[in-house]
Amino acid sequence: MPTSVTTHGLVLVEHEFSIPLDHSRPDGERITVFAREVADPDGRDRPFLVFFQGGPGFEAARPTRHPSAPAWLDRALEDFRVLMLDQRGTGRSTPVGPPAQLAASELADRLAHLRADSIVRDAEWIRHELGVDRWSVLGQSFGGFCVTTYLSLAPEGLREAFITGGLPPLGNRIDDVYRATYARTLERNRRYYGRYPGDRERVLAHRRVLESEDIRLPSGDRLTGRRLRQLGDGLGMSDGAERLHYILELPTRSPAFLHDVDAALGFPRNPLYALVHEACWADSGTTRWSAARVLPADYEERPELFTGEHVYPWMFEEYGALAPFREAANLLAEREWPRLHDPDRLRRNEVPAAAAIYAEDMYVERAFSEETAAQVLGLRAWVTNEYEHNGLRADGARILGRLIDMTRGRA
């Protein structure tokens, strides 16, 4: 039974749905998928907007008011009640594992059911269970991948679709994706050291300590130079350069530095972020550790360079929280993935849709997003350099408001 909670300025209804792990086997094993309904006290009868979180592997944002969070919530609640979906495997939904109790092949098979196609089928299951005719959807980053899959698999369930920083390329383009994101990341490195030139020597000094001493993070993991490099993951956010600088300015051996490095990346808390990251791009084909295979030579030559949103095989050795998943991760890297998107159906799209495409997005390459936008009939694209990838978090009311206006012919 749903549980209702009235907070300061919000009415929350908590739902748990029993859904097949494998939608092709509806009588097989079930998992729980959690969703939180969020409404204004006077807006409980408004139509639904389903939010698909970025990631992959992260649960939906937890809503508050006064102050309101996430940043787009107040604008959304003017028109909708929002359904915050904890995508399968995240948050209060059934977690994956524990890995020690599963053979690597069994674990890999379970992880294979955590991509956008299964998430969309979960949403359709929930829509039918709630008795909703059609609903609107909003997807940020990986959530936009889910919305694009929704337009391919079940457009009959959609009233309108909004995407922010998340229009994926169509087809087997995994190596192209990582070549493009490396190019963007190298440019962000150039800008970063242009703003903070003193940090070049700081990074090299940190690395010298790490190479000569066994420096341990609070998690117990050894901090290595290549793990330090991963702090560049945030350089594509509007506040990413400052956040990075405020870590690097700390002394290497200080508790503050070690804590902040340990906490900067979400892999230990959300291992799915690493496990299915490359798979979420795989619109057919295999991934075969693409980010590692296409790593530019610049990284061999310049140890001060940061990587971005890239996952590597070595992480499943150096991250204690990821080590139990190592064999399953290797199996996923060799797996032949089915299509996530249907180009023919997208070309016949009838769902009003709009997408914010960030001109210098470090994570979802603009050129690929524009190609996809041109193939989705009726989708209106807003290409802007006003925002980084976290635009929805930085100025959510304006961005969501504009996308709503675009789908409804008001902009």
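Residues numbered from 1 in each chain as written. Predicted model: local features only at pLDDT ≥ 70, side-chain atom pairs only at ≥ 80, totals over all residues. Heavy atoms only, no water.

Q: Which parts of the structure should I look at to understand the pattern of salt bridges?
A: Proximity of charged atoms lets side chains of opposite charge pair with each other. Counted by the stated rule, this structure contains 46 salt bridges. Of the charged contacts in the structure, one is a salt bridge between Glu14 and Arg36, with a shortest N-O distance of 3.4 Å. Highlighted residues: Glu14 in strand β2 (residues 10-20) and Arg36 in strand β3 (residues 30-39), separated in sequence by 22 residues. A relative accessible area of 19% places Glu14 in the buried class. Here Arg36 falls in the buried class, since its relative accessible area comes to 11%. Between Arg208 and Glu201 there is a salt bridge; the shortest N-O distance is 2.5 Å. Looking at Arg208, the relative accessible area reads 46%, which means it is partly exposed. Here the salt bridges do not stand alone but share partners, grouping Arg75, Glu78, Asp79, Arg159, Glu160 and Arg408 into one network. (Salt bridge = Lys/Arg side-chain N within 4 Å of Asp/Glu carboxyl O. Helix = DSSP H or I, 4+ residues; strand = E, 2+ residues; numbered from the N terminus. Buried < 20%, exposed > 50% of the residue type's maximum accessible area, 1.4 Å probe, protein only.)

Q: Would you mind going over the packing of helix α3 (residues 116-130) against helix α4 (residues 142-153) with me for this structure?
A: Relative placement of two packed helices is described by the angle separating their axes and the distance separating the axes. Running from N to C, α3 and α4 cross one another at 70°; their axes reach a closest spacing of 9 Å. Looking at the two axes, α3 sits roughly perpendicular to α4. Taken as a pair, α3 and α4 cross one another with a handedness that is right-handed. For the pair α3 and α4, contact is made by Ala116, Asp117, Ile119, Val120, Arg121, Ala123, Glu124 and Arg127 and by Phe142, Phe145, Cys146, Thr149, Tyr150 and Leu153, respectively. Here the contact of α3 with α4 is composed, by residue class, of nine nonpolar, one polar and four charged. (Axes fitted to C-alpha atoms, helices over the stretch in contact; angles between N-to-C directions. Parallel < 35°, antiparallel > 145°, perpendicular 65-115°, else oblique. Left-handed = near helix turned anticlockwise from the far one by under 90°. Contact = heavy atoms within 4.5 Å. Nonpolar A, V, L, I, M, F, W, Y, C, P; charged D, E, K, R; others polar.)

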